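Listed here are the chains, written in short residue letters.
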Amino acid sequence: MQASKSLEKFHSLPNIRSGMSEGDLRKFYSLSLSQFRKHAEFGDYNYKPTPFNLRWIYGYKPKAGVINLNDKDRTEVFYAAGNCGVVYDWSKDQMRILQGHRHVVTHLATDAQGKWLVTGDSGPEDVIIIWDSNDYFPQRTIFNPHGTSKLARIALSTDAKFLLSLGYHDQAMLYWWIWSFGLDVPHAMLEVEIPRGGVIDMSFNPNNSQQFLLLTKYDIWIGVSQKVFVIERGLLKETDDYELKIRMPARKTTSDVGKLTCFTFTKSQVIVGSSRGAVLLYGYAIGHQEKVDMDYEGLRFIKILKVESKKINVIKNIDGVIVTGNDVGEIRFYDEQMMLLYWVHGFQVDSVRGISFDLIKRSYKIIDPKCKKECPCFEKVNPGVDPETGLRRQKLMKKAIPSDATTANKPFLVRDFVLCTNNEGVAFVDFTSETLLTILDNKIMHALTMTVHPEKPFFCVGFTGGSLELHNYLQHTLFARLDLRDNFKVITPPNDDSIKGDYEVTFPILSVTCLKYSPSGLHLACGLDTGELLFLDPVTIDILTRTPFRDTGHAVKEISYSPDSLTMAFSDTGRTVCVYKYDCMNLEWHFIGKHRAHYKDITTLFFLPQKNDNGEYKLVSLGADRMMVEYDIAESSEEYLEILSLDRFDQSAVPLAGIPWPTPTEIDPESFRTDIPMILVANDEHKYKIVNYATTMTLSTVLGPRFEHPVCKMQLITKTGEDEEKYLLFATKNVIGLQKMPLDGNPWKHIGLLGHPVQVTGMCYREDSGTLFTIGAKDTCVYQWAANYRAVELTTKQGGEDLDPYYCLIENGRPGWLFHEIRDLFYYIQILCQGTFSPAMRRVKDYIPIDSLPDLMRALAYFPSEYEVENLLIEAKYKVYQRAPSMEIDFEEFVKLYLNHRPAFPNTYKKIRNAFRYFATPNQENEFVIYQEDFVKMLSQNGERFSRELSWYLLSILYGQSFDDRAAMNDEEFSFLPEEITLSELLTNIIGVEDIENILEFSTKDSIPSQVTASSDTEDA
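Cut-offs used in this document
- In this numbering scheme, every chain counts its residues from 1 along its sequence in written order.
- pLDDT decides what is reported in this predicted model: residues at 70 or higher carry local features, side-chain atom pairs at 80 or more are listed and counted, and totals for whole chains, interfaces and linings draw on all residues regardless.
- The basis for every side-chain value is the complete set of non-hydrogen atoms in the structure, without hydrogens or water.
- Helical segments are the DSSP runs of H or I of at least four residues, strand segments are the runs of E of at least two, and each set is numbered from the N terminus.
- Note on classification: 1.4 Å probe, protein chains only; a residue is buried when its accessible area is under 20% of the maximum for its type, exposed when over 50%, partly exposed between these limits.
- Residue contacts are counted whenever heavy atoms from the two residues lie within 4.5 Å of one another.
- Only the protein chains shown count as cover for residues, and all accessible areas are computed by the Shrake-Rupley method using a 1.4 Å probe.
- At least two bridges found by DSSP between two strands is the condition for calling them paired.
- Put simply, a salt bridge is a Lys or Arg side-chain nitrogen that is within 4 Å of an Asp or Glu carboxyl oxygen.
- Under the pairing criterion, centres of Phe, Tyr and Trp rings, with the six-membered ring standing for Trp, must be within 6.5 Å; the plane angle then separates stacked pairs below 30 degrees from edge-to-face pairs above 60, leaving the rest tilted.
- Lines fitted to C-alpha atoms define the axes here, with helix axes fitted over just the stretch in contact, and angles between the N-to-C directions of these axes take values from 0 to 180 degrees.
- Only buried residues count toward a nonpolar core. Its members are Ala, Val, Leu, Ile, Met, Phe, Trp, Tyr and Cys residues joined through side-chain atoms within 4.5 Å.
- Helix crossings are classified by the rotation of the near helix relative to the far one: an anticlockwise turn of less than a right angle makes the crossing left-handed, while a clockwise turn makes it right-handed.
- Throughout, the ten residues Ala, Val, Leu, Ile, Met, Phe, Trp, Tyr, Cys and Pro are labelled nonpolar, Asp, Glu, Lys and Arg are labelled charged, and all others, Gly among them, are labelled polar.
- Given the number of residues in a helix, its expected span is that number minus one, multiplied by 1.5 Å.
- The directions from the helix axis to the C-beta atoms form the arc being described.
- Patch membership is restricted to residues that have no salt bridge and whose relative accessible area is over 30%. Joining uses 9 Å for like charges and 5 Å for the nonpolar side chains Val, Leu, Ile, Met, Phe, Trp and Tyr.
- Asp and Glu are treated as the negative residues and Lys and Arg as the positive ones, with His and the ends of the chain left uncounted.
- The location of each charge is read from NZ of Lys, CZ of Arg, CG of Asp or CD of Glu.
- Roughly parallel means an angle under 35 degrees; roughly antiparallel means over 145; roughly perpendicular covers 65 to 115; every other angle is labelled oblique.
- Here a polar contact is recorded for every N or O atom pair within 3.5 Å, except that within protein the pair must consist of a potential hydrogen donor and a potential acceptor, and residues adjacent in sequence are included only if both atoms are side-chain atoms.

In this section: the overall build of the chain. Helix and strand counts for the chain come out as 15 helices and 64 strands. Taking all 1021 residues of the chain together, 52% fall into the buried category. In the chain, 51% of the contacts between residues at least 6 apart in sequence involve partners at least 24 apart. Of the roughly 49,200 Å² of accessible surface on the chain, 49% is carried by carbon and sulfur atoms.

Rendered as structure tokens:
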């Protein structure tokens, strides 16, 4: 019973079916997640807190290839999408997403039966994961297989015993693993004299798992793994060690071959395809010898055959038939002597990039009725069961079967296969009927922007090639596709003296950089990298704008609508804001005006829910210049956008995102103000700031999520249902997450996970279904997530109450020296306020005067500027909404205030050095220094200025001048300062760093105690 209690803290036992013994219970906790769900009563049970579950991925990574897993029980394909592996059943429209990689998955492999799936990524901390296709649970993970080198290739033997990985150090390095042994080091390794990036393809011999082959642009390398033998006491003894051997068979060089592109094994040969339509045969004799097994030492170049006129991209051997796919979409079939047997007639694709056949042979029985049609006697024929595959045979009419190109005109049948094209997606080919069923209809273009319809189940994606796609996210289907290049193409008629008389068609080079649905869902704006603006039909994405708006020459960056959907504004990469109004009478948009008010990039642009006195909604833009600009749309005319106000609202932090911020509905209007116009700003210092945009006063400063990068996208969302609650949806550079309201700096109230391995470039949310859509940089895929609000609630409860969740932000927690220092100084301030030498009885209180906060902050090594002190005091007194100011603050509020206002991370040596070099100049020894007089002028003329008298007083104390020394000196004399102030002088004597050599740069990657992260490798994903 004690063991059961120890397990109870990890899972909720009432969700588990009763009647399980202690042994079964222990076994239960070691099961995979899919098996775990079978024992749970509630289907939505989540054992790991994650804010979002990945439900679907639209698109795939073509370079990783597509593997066919189709057999008697399934119709599945295996491919890579972003940092995930995907197993997609196209007949059932079900997707299994394999999550566990930090970087983009670039390598896939599987055994001959499709039982073991291998995924590998390529990055600074790459991993190889072997998955069991029965439950899609990772059975083996190899971390950093090649150390600091990136993973370049992987291959799995057909019997799944051996794994081969390739990485580049100075040259190509092969690692050979018996992965089921579970060792962290390879069983054998070998360095091959191949330069970096030289290996094009790599594979095991399907007939002999001990052999493997590497393909470069001009040669092949045949390798073998074998046990190491040693001579011990005159006897040859086998050891448990393995070694790799590899050799390059010499071949005849000729210009008819070009570069090698692909290869395949037969029983006794290696057939290699080339870029000029030729194939190279490697074997043991001139001619085909069926009974000869491939020998590592004896393999040699035989001959070159010119079989096609175009580049061969794919060559496969299936059931004794050689299959090729070339650059113009032709698929041909040869025998092992490379005699043409058949070619596909039923369809044509742009280019064949991959072919993957079914895992099992075709079981069939050919029937040739006299009536030559499927008559009743045809239906009565029992084809029986194939003894080899155990499957019921397929009945085929002889008349409908393809026949080969021989004189015998024999029936020709091969397995069905999955076909990968260049830019026409992935399709399943039924060979008997030569029909093409599209599985993945995706273009090879990077997604740049996306938007989701506020009511209908559609989202629209814009790509680099000028294409748009409209998807139905409930049915997971492509609803419409629009190629803008076709609409903007230029047709030039032939000249009068032209002989051919051909028309010249020119397609423009453009990309869709911004898309946005209006809040009403009646408008869809499309911005291009050329600065042009289009309006599309929100349901069919047909172009509604007869002539594109060309009011800027820079790429459209962000589009925003007013709450009534009648005003639209966008910002471009040229720092310009353009505004448009909708004419309800003529049902068309009109340009109002534009203005370039920022001198640095515009980071966010949005409308406020409040209107100006003239009846127009307020429009605000924030820029990297730390300026907040409000535009006066009603007073704008003649294509000039008027500015209502322009203010700098922050001293040093750069705003990265901003949204309108509502007043909480639960506050008492008598004690709190409910009419404050507010916005929420996320800046590059990992802080949230609530700003009164009417006065540009900072009302509250809150510590944000302390991930590697600060929050750069956010949206206030509402959980629909019985208990409506608000959450903050946020995204950093590559992390997406949820944060529970209200914002108070509690690190346990937010939780995030990796949203994209490179960068999250777009994010849209549907509140009614709790669905999040994201796109990433340099990626063709769109990710569909389901929000899991319970994860945020769970982590919030785990954090505790009062100050318990904040202790992780303090060095060494509650028992540490810093918390004791905070507590002691809090009570010492009370002594100072009561009078240091007062004879009266001391009274220890739970609060201190708010006016003493600046001194207390400085005593705790946080040195706020005068601007920050003002914000600090205003927040402490009014607490954002309070009408009457408070005069005192208790200990708990002070600790939270201190943790929220101090820097999220300590200043690094690099940051101090860069700031020093900004003011310094190199001396004769080429060392950066600040001269004495320049240093004094810098203090008195830059930023929050010090007078020379105050600078003299403070610097004299820092340099250890006694009271008598200062009394004897003139307050204009800075003789105690060196003539040249170096960086080490600044750090040691002015800033007060005791040991410069031991300064460790603080890295957000290494130590972020408050960060709450989670993966999304849940079963629902």
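What follows picks up the thread again.
So, on to the pairing of strand β24 (residues 331–334). Where strand β23 (residues 321–326) meets β24, 4 bridges bridge the pair, whose relative direction is antiparallel. Within β24, the residue paired with T324 across the bridge is R332.

The next subject is the pattern of salt bridges. All told, the structure shown has 27 salt bridges when counted by the stated rule. One salt-bridge network, held together by shared partners, links D71, R74 and E76.

Moving on: the packing of aromatic side chains. With the rule as written, the count across this model stands at 40 aromatic pairs. On the numbers, 6.1 Å between centres and 65 degrees between planes, the contact of Y561 with W589 is edge-to-face. One end of the pair, Y561, is in strand β41 (residues 556–561); the other, W589, is in strand β44 (residues 588–595), with 28 residues separating them in the sequence. Side by side, Y561 and W589 carry an identical accessibility label, which is buried.

Another point: the environment of M969. Note that M969 resides in the loop between α14 (963–968) and β64 (980–982). Excluding residues that lie within four positions of it along the chain, M969 makes contacts with W952, Q961, S975 and F976.

All right, on to the sheet that holds strand β16 (residues 220–232) then. Either a parallel or an antiparallel arrangement is found when strands of a sheet pair, and the pairing is made through backbone hydrogen bonds. Strand order across the open sheet formed by 4 strands is β14-β15-β16-β17, with antiparallel pairing between neighbours. Sheet topology places β14 (201–205) and β17 (235–247) at the edges, where each strand pairs with a single neighbour. Taken over all neighbouring pairs, the strand axes of this sheet differ in orientation by 30 degrees on average, direction set aside. Of the strand pairs in this sheet, β16 and β17 are connected by 10 bridges, and their pairing is antiparallel. The residue bridging Q226 from the neighbouring strand is E243, located in β17.

Another aspect to go through is the nonpolar core. Counting 53 residues, the largest nonpolar core has F52, I57, Y79, Y88 and F459 as the members making the most contacts within it. The dominant element in this core, judged by the number of residues it contributes, is strand β1 (residues 52–58), at 5 residues. Those residues in contact with I57 that sit more than four places away from it in its chain are A81, C84, V86, M95, I97, C781, V782 and Y783. Counting 32 residues, the second largest nonpolar core, distinct from the first, contains L803, I822, L856 and Y862.

One way to put it is that helix α12 (residues 932–941) packs onto helix α13 (residues 948–958) with a least axis distance of 9 Å and a crossing angle of 115 degrees. Between α12 and α13 the crossing geometry is right-handed. Here E933, F935, V936 and L939 of α12 lie close against α13, whose contacting residues are R948, S951 and L955. For the contact of α12 with α13, the residue count by class is 4 nonpolar, 1 polar and 2 charged.

Turning next to helix α7 (residues 817–834). In this model, α7 (18 residues) spans 26 Å end to end at C-alpha, consistent with the 26 Å of a helix rising 1.5 Å per residue. All of the buried residues in α7 are L818, F819, I822, L825, F826, I829 and Q830. When α7 is viewed along its axis, its buried side chains cluster within an angular range of 150 degrees and face the same direction. If you follow the buried residues of α7, they end up packed against β60 (847–849), α8 (853–859), β61 (888–890) and α10 (891–901). Among the residues trailing α7, G835 stands out with phi positive, at a value near 105 degrees.

Glancing now at a negative patch on the surface. A cluster of acidic side chains, namely E925, E927, E979 and E980, defines a negative patch on the protein surface. On the secondary structure map, E979 appears in the loop between α14 and β64.

Attention now moves to the packing of helix α11 (residues 909–919) against helix α15 (residues 983–991). If you want to describe how two helices pack, look at the angle between their axes and the distance between the axes. Axis separation between α11 and α15 bottoms out at 10 Å; the angle between their running directions is 110 degrees. Here α11 is positioned roughly perpendicular relative to α15, judged by the angle of their axes. Every pair of crossing elements has a handedness; the one defined by α11 and α15 is right-handed. Facing Y909, I912, R913 and F916 of α11, the residues of α15 in contact are L983, L986, L987 and I991. A class-by-class count of the residues in the contact of α11 with α15 yields 7 nonpolar, no polar and 1 charged.

Now for a nonpolar patch on the surface. The grouping of F946, L950, Y953, L954 and I957 at the surface amounts to a nonpolar patch, some 400 Å² of accessible area in total. Here Y953 shows up in helix α13. The exposure class assigned to Y953 is partly exposed, which follows from its relative accessible area of 40%.

Right, let's talk about unusual backbone geometry for a bit. Here M741 and P742 are connected by a cis peptide whose omega angle stands at -5 degrees. Mapped onto the secondary structure, P742 falls in the loop between β55 (735–740) and β56 (750–754). The phi torsion at E638 lies on the positive side, around 55 degrees, for a residue other than glycine. Turning to its location among the elements, E638 is positioned in the loop between β47 (627–637) and β48 (639–648). Unusually for a residue other than glycine, N926 sits at a positive phi of about 60 degrees. Looking at the element boundaries, N926 is found in the loop between β62 (921–922) and β63 (928–931).

With respect to the helices and strands, the residue T795 is situated in helix α6 (residues 789–799). According to the relative accessible area criterion, T795 is buried, its value standing at 2%. From its side chain, T795 meets the backbone oxygen of W748 in a polar contact 3.1 Å long.

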